[in-house]
Amino acid sequence: MKGTKRILLILGAMAIVIIVLSRCMNVADQLLKDIRGEAYTGAATCIKCHKDLSQSYAHSSHGLTSKPVVDAQLLKVFAADSNNFLFDAHQKVVIEKRDSGIFQVAYQDGKAVRAQKFDIQFGSGEKAYTYAYWQGKKLYELPLSYFSGIRNWAISPGFPRDRFYYDRGITSRCLECHGSYVEKKLTQKSAFVMDEEMEKGSLIYGIDCERCHGPGKQHVVFHTENPEEKSAKFIAIYKKLSRKQKMDACSVCHSGNTLVTQKSVFGFKPGDNLDDYYQQDFVGFGGGNPDVHGNQASMLMGSNCYRKSETMTCQSCHNTHESIKGNLTIYSQRCISCHQTTKHSQATLAKGSLTTNCIDCHMPKEPSKLITFQQAGKNDLSAYLLRSHHIGIYPVNK
């Protein structure tokens, strides 16, 4: 009899496990497939439970850092501005709407000699938009970028000043910080040359939920089956990460140009050690002097605010779900939350209200040493100004 009861208990337990697993499998089968693998579920799935966060994030700089070009939106960008760039009396690039889309068309002595379609937009537009086109399985940058500060087109950073140029390749390394994933194939052409092809249809635009929070399929399945559980399971929550882990998660894309990749950071997940993905190169591109372009993390970590704190991270001032770019009053309030008793000189006080703009004084905009751009009709390069994240006391007249 005891043996019979034991068998019945075992069979009952097995039945319960089978039912639970089958329900989980049913939920998993209903989720959208993601190119990154079985552990991922895609941002469209996250929206179902996080609609408000998703809508706010979709309009943030991270969410907009890359997207496919929509002709109607692009037309609004240059509708009120010049639609051409003159290199000289013989050469120009014109933005033209054609039946198949919008193109950057190069003219030589009045004759169209090259035309490439706007396929991808890079950047949120706060500073600029840079564009790219697909040619087969390779991606190339277009010669003109749109700069918000001048409300006009100028030569894309790093391009020749005296002629149009269409052959600057964009690699998956660029997309590692301006996208969430792209499938690539590498072929060794010679001892020093590696050829890369990317699958256009695999590109996940912008920085999506799972790029920052890690694979979410197990999280979705669990909470779908356990709706009463309000504590997030099987997903990376930033408040539970260590200080270094938090900084590493941001430094994946905000640690500058003096790094050499050891392996693709598409594989980085919150909680990983970033040192396993990057190594520092102080003598290579950019040297060891941090530049304001893309180097926010190391500049912050060199600041006294960071060094004298045991808890300060990027998230102390930034909530990436928010879309408050440029709202200096809100950011200033976050400064004041830690600096309520700070005293200022009479010269500083004379500049105006300190409660609404700590930022311009203590995190001024500075010209990038790596990025400049050329405006039409001007001989000198124009500075590309970016917010310094080295928080400090700067000269009053700066």
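Just above, that's the structure.
Residues numbered from 1 in each chain as written. Predicted model: local features only at pLDDT ≥ 70, side-chain atom pairs only at ≥ 80, totals over all residues. Heavy atoms only, no water.

Colleague: Looking at this structure, how should I read the sheet that holds strand β3 (residues 91-98)?
Modeller: Whether parallel or antiparallel, the strands of a sheet pair through hydrogen bonds between backbone atoms. Here four strands make up an open sheet; going across it, the order is β2-β3-β4-β5 and the pairing antiparallel. Both outer strands of the open sheet, β2 (84-86) and β5 (111-117), are each paired with one neighbouring strand and no more. This sheet shows a mean twist of 20° between the axes of neighbouring strands, independent of strand direction. For β2 and β3, the ladder comprises three bridges, and the chain directions are antiparallel. Across the sheet, the residue bridging to F85 is V93, located in β3. (Pairing = 2+ DSSP bridges. Helix = DSSP H or I, 4+ residues; strand = E, 2+ residues; numbered from the N terminus. Axes fitted to C-alpha atoms, helices over the stretch in contact; angles between N-to-C directions.)

Colleague: Would you explain the packing of aromatic side chains in this entry?
Modeller: Two aromatic rings are characterised by how far apart their centres lie and by the angle between their planes. Counted by the stated rule, this structure contains 14 aromatic pairs. A centroid spacing of 5.0 Å and a plane angle of 70° characterise the contact between F85 and F87, whose relative ring orientation is edge-to-face. Take F85 and F87: they sit in the same class, and that class is buried. By way of ring pairs, the aromatic residues F118, Y129, Y131, Y146 and W153 are connected into one cluster. When the ring centre of F103 is taken as reference, the NZ or CZ atom of R98 above it lies at 5.5 Å. Of note, K263 hangs over the ring of Y277, and the distance from its end group to the ring centre comes to 4.7 Å. (Phe/Tyr/Trp six-rings, centres within 6.5 Å; stacked < 30°, edge-to-face > 60°. Buried < 20%, exposed > 50% of the residue type's maximum accessible area, 1.4 Å probe, protein only. Lys NZ or Arg CZ within 6 Å of the ring centre and 35° of its normal.)

Colleague: How should I be thinking about the pattern of salt bridges in this particular structure?
Modeller: If charged atoms from side chains of opposite charge come close, those side chains can pair. In the structure shown here, the tally under the stated rule is 17 salt bridges. Across the pair D195 and K138 runs a salt bridge whose closest N-O atoms are separated by 2.6 Å. With a gap of 57 residues between them, D195 in strand β14 (residues 194-198) and K138 in strand β8 (residues 138-141) connect regions that are remote in the sequence. Note that R163 is salt-bridged to D162, the shortest N-O span being 3.2 Å. (Salt bridge = Lys/Arg side-chain N within 4 Å of Asp/Glu carboxyl O.)

Colleague: Quick question: what am I supposed to make of unusual backbone geometry here?
Modeller: Most peptide bonds take the trans configuration, and most residues that are not glycine carry a negative phi. One non-glycine residue, R151, adopts positive backbone phi at about 50°. Turning to its location among the elements, R151 is positioned in the loop between β9 (144-147) and β10 (152-155). Look at R151 and you get partly exposed, because its relative accessible area is 48%. The phi angle at F234 is positive, at roughly 60°, despite the residue not being glycine. Tracing the backbone through its elements, the reader meets F234 in the loop between α7 (217-225) and α8 (243-251). A residue is classified by how much of its surface remains accessible, and F234, at 44% relative accessible area, is partly exposed.

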